[in-house]
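This is what each chain is made of:
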Amino acid sequence: MRKKERQITEDEAYQILENAEYATLCTINADDGAPYGVPISYVVKNRVLYIHMAKEGQKLDNLKKDSRVCVTCVGQTLLYPEQYSTDFESAIVTGRAEFVTDREEKIEALRMLCEKYGLPDGGMFLEKKIEGGVDRMEIMKIPVEAISGKARWRKPKPPMPERPEWPAIH
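Help me get a handle on the overall build of the protein chain, residues and values and all.
The helix and strand tally for the protein chain stands at 4 helices and 8 strands. Reading the protein chain from its N end, one meets helices and strands in the order α-β-β-β-β-α-β-β-β-α-α-β. For the protein chain, with 170 residues in total, the buried portion stands at 37%. In the form shown here, the protein chain has an accessible surface area of approximately 10500 Å², with 52% of it arising from carbon and sulfur atoms.

Explain the environment of Arg154 to me, and be specific about the residues and the numbers.
Positionally, Arg154 belongs in the segment after strand S8 (138-152). A residue is classified by how much of its surface remains accessible, and Arg154, at 42% relative accessible area, is partly exposed. Linking Arg154 and Asp87, residues 67 residues apart in sequence, is a C-alpha distance of 6.9 Å. Apart from residues no more than four positions distant in its own chain, Arg154 is found in contact with Tyr80, Gln83, Ser85, Thr86 and Asp87.

Outline the pairing of strand S2 (residues 35-40), listing residues and values.
The side chains of a regular strand alternate, first on one face of the sheet and then on the other. Pairing analysis gives 6 bridges linking strand S1 (residues 23-28) to S2, with the strands arranged antiparallel. Bridging from a neighbouring strand, Cys26 pairs with Gly37 of S2. Turn length for the S1-S2 hairpin, with the two strands adjacent in sequence and antiparallel, is 6 residues, and the turn residue Gly33 shows positive phi of about 80 degrees.

Conventions we followed
- For every chain, the first residue of the written sequence is number 1, and numbering continues from 1 along that sequence.
- This being a predicted model, a pLDDT of at least 70 is required before a residue's local features are given, and a value of 80 or more before pairs of side-chain atoms are given or counted; all residues contribute to the totals for chains, interfaces and linings.
- For side-chain calculations, the full set of non-hydrogen atoms in the structure is used, while hydrogens and water are omitted.
- Put simply, DSSP marks the helices as runs of H or I at least four residues long and the strands as runs of E at least two long, and each gets a number from the N terminus on.
- Accessible area is worked out with a 1.4 Å probe on protein chains only. A residue is then buried under 20% of its type maximum, exposed over 50%, and partly exposed in between.
- Methods summary: accessible areas were calculated by the Shrake-Rupley approach with a probe of 1.4 Å, and residue burial reflects only the protein chains presented.
- Residue contacts are defined here by distance: any two heavy atoms, one from each residue, within 4.5 Å place the two residues in contact.
- At least two bridges found by DSSP between two strands is the condition for calling them paired.

Structure (structure tokens):
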């Protein structure tokens, strides 16, 4: 890292990774070897990222040919337009994507994704969505091989925004 004063610890990078809303998954294009980046929804558990995808498409083709990936995410930011500058935090992960074949692990990954991005306490509605979708998609896991991060905060870092409270569906 060029600016060592911005380097953060691995634990801090994991915290950014766990709290960021979205990330970009970078793969190697199966057709021509060019870089290929796509925004993803993801969750992290025990230093493993889980993502879901359709059973066909460019992302899946790329990962079948070459499982190496890079995942980047940006946590909180604070713009200083008058200075043409930004305070920020970010993390970069490298690893190799693996197909999740165990149905229970797939269901757990989907449940975690639904809890992160969906309504809390989805009850039977959530369980029906998971049961209906688990066999119609691929779940990949990416054990973290390396992680790094950087941040710059000239002012105190703002508190994490609260997730909105939605009514429960049963």
